[in-house]
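# Descriptive structure summary
As a plain string of letters, each chain reads:
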Amino acid sequence: MILRLSSNAQRLVLLAASCGTGLFLSYFSIRTALAAHAVGLQTAEGYERATRLEPADPRNWYLLGRYWQYRLEGPDASRAIRYYLSAVSLYPASSDVWLDLASAYESEGNLVAARDAFSHAKRDYPLSPNVSWRYGNFLLRQGELEPAFVEMRHAVETDPTRGAEAFSRSLRVEPNIEKILDRILPPIDSVYVDVIWDQTTNGQTDIALEVWDHLVAIHPRVPLRDVFPLIAALRNNKRIAEARRVWDQAVVVAGLADLQGPAGSLLWDGGFESGVAGGGYSWLFPEVSQNVQIGIDAREKHSGSQSLRLTFDGKSIVTSTDICHYVPVSPSTSYSLSAWVKTKAVTTDQGVRLQLRSLGTQDISSVVTPELHGSEPWTHIEIPWSSGKDVQEVQVCLVRYLSDQLENRIKGTTWVDDVALVPEAAGHSKP
């Protein structure tokens, strides 16, 4: 539509109105921009100026309240409360303001007002994990455990990353671990794993073990690597039997119980089939190896689907591959250590062999299998070994002895498969 003006006076009136509207809008735009700039200063003066420029904006009052509540140099909760109340009077549905107002009231000892503020936050945002978390912690501090546990569980269900902290905080007021597990932790695998890791890291191995047993009872699906820290803690405390039990359970819950390997062997994944390495009772490989290329070979294997391949570059003298495996064993028992090995053009008279040595006792005896060099088809190497009366754990490593030849540098490729440590029949056990 085209507006036709009949006189210059009408045109001037319209122009004046347009200019006035523009100036009005510009004023508010400039004022808003100035308020935003003042807030960005993150100072008391800046926040106060923002409330003067934009007094109807609840966010400015909220930020001013947070400044005084969490100020490092002398916080002032009573002043913060005044500003929070201004914010909620402008926007009563803000759970964030109610939560900080509740905290300020609690710091002033006004628990009735704090509870009321938390109740407002719950009504405004009942599904919020943050609201449930902060309200649940308030109830914990008041000793109201059952309603606190309800809030904490909801917080963990909606935000599983809070599980470890919810567990540790609840444990401070309720020593019954089983009760906390039932009330606080939902049946979420990652939540339990986080709790186990947290307790293990803090040296609470017994608690971590109890949480693990509770996790196993709910039939989880947990990656084997998630159990490495607990196994390491148990091993470091020489609790080998428990470490072995946890590992056996972990193999099941990881879905690796049917992993193909030598029958009766205590050495897990002797056929290098799992793809799991780096901790627990799995293979340990060096992070960096300059003298030998280490890999898994799916084209060359004795059994299963793959084997371990070692390719030596011929430029270095290699005496250790740093490929090892911890194995829990029984004291005073006879075993057979064996593997299948294949070589291709391995130089010198000293190839790769298996070395077994005892751990954790004064018995540091060790044995080594025969070696293979040159070019040999898949060959079974084996040696007997008997554990001492106090031996509960051994280490099996791939090693190479120095050659008697003038040239000690080794070149060529070796494949290893079906490594096994098998106990002999009970009748052959040591007295």
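For the structure given in this document, a descriptive report is provided here. (Residues numbered from 1 in each chain as written. Predicted model: local features only at pLDDT ≥ 70, side-chain atom pairs only at ≥ 80, totals over all residues. Heavy atoms only, no water.)

### What to know about the sheet that holds strand S7 (residues 374-386)
Our working definition: A pair of strands is labelled paired if DSSP reports no fewer than 2 bridges between them. Helical segments are the DSSP runs of H or I of at least four residues, strand segments are the runs of E of at least two, and each set is numbered from the N terminus. The axes used here are C-alpha line fits, helices contributing only the stretch in contact, and every angle between their N-to-C directions lies in the interval 0 to 180 degrees.
Here five strands make up an open sheet; going across it, the order is S1-S2-S9-S4-S7 and the pairing antiparallel. The two strands at the open ends of the sheet, each matched to only one other strand, are strand S1 (292-297) and S7. Strand-to-strand twist in this sheet, taken as the mean axis angle between neighbours without regard to direction, amounts to 25°.

### Things to note about the environment of Leu-63
Of note, Leu-63 is situated in helix H3 (residues 58-69). Counting along the chain gives 353 residues from Leu-63 to Val-416, while the straight-line C-alpha distance between them is 65 Å.

### Let's talk about the side chain of His-214
What counts here: The term polar contact refers here to a pair of N or O atoms within 3.5 Å; inside protein, the definition further demands a hydrogen-donor-capable atom paired with an acceptor-capable atom, and it admits residues adjacent in sequence only when both atoms are side-chain atoms. Contacts were defined at the residue level, with two residues in contact if any of their heavy atoms lie within 4.5 Å.
One can find His-214 in helix H12 (residues 205-217). At 3.3 Å, the side chain of His-214 forms a polar contact with the side chain of Glu-178. In this structure the side chain of His-214 is engaged in a polar contact, spanning 3.1 Å, whose partner is the side chain of Tyr-192. Filtering out sequence-adjacent residues up to four positions away, His-214 remains in contact with Glu-178, Leu-181, Asp-182 and Tyr-192.

### Concerning the pairing of strand S9 (residues 411-423)
Regular strands have side chains that alternate between both faces of the sheet. Rules: Only protein chains enter the accessibility calculation, which uses a 1.4 Å probe; a residue is then buried when its area is under 20% of its type maximum, exposed when over 50%, and partly exposed in between.
Within S9, ten of the 13 residues are buried, which leaves it mostly tucked inside the rest of the structure. With six bridges joining them, strand S2 (residues 307-313) and S9 adopt antiparallel strand pairing. Directly across from Phe-312, in S9, lies its bridge partner Gly-412. As paired elements, strand S4 (residues 334-346) and S9 share nine bridges and run antiparallel to each other. Residue pairing for S9: Ser-338 is matched across the bridge by Ala-420.

As far as function goes, none of this settles anything; it's purely spatial.
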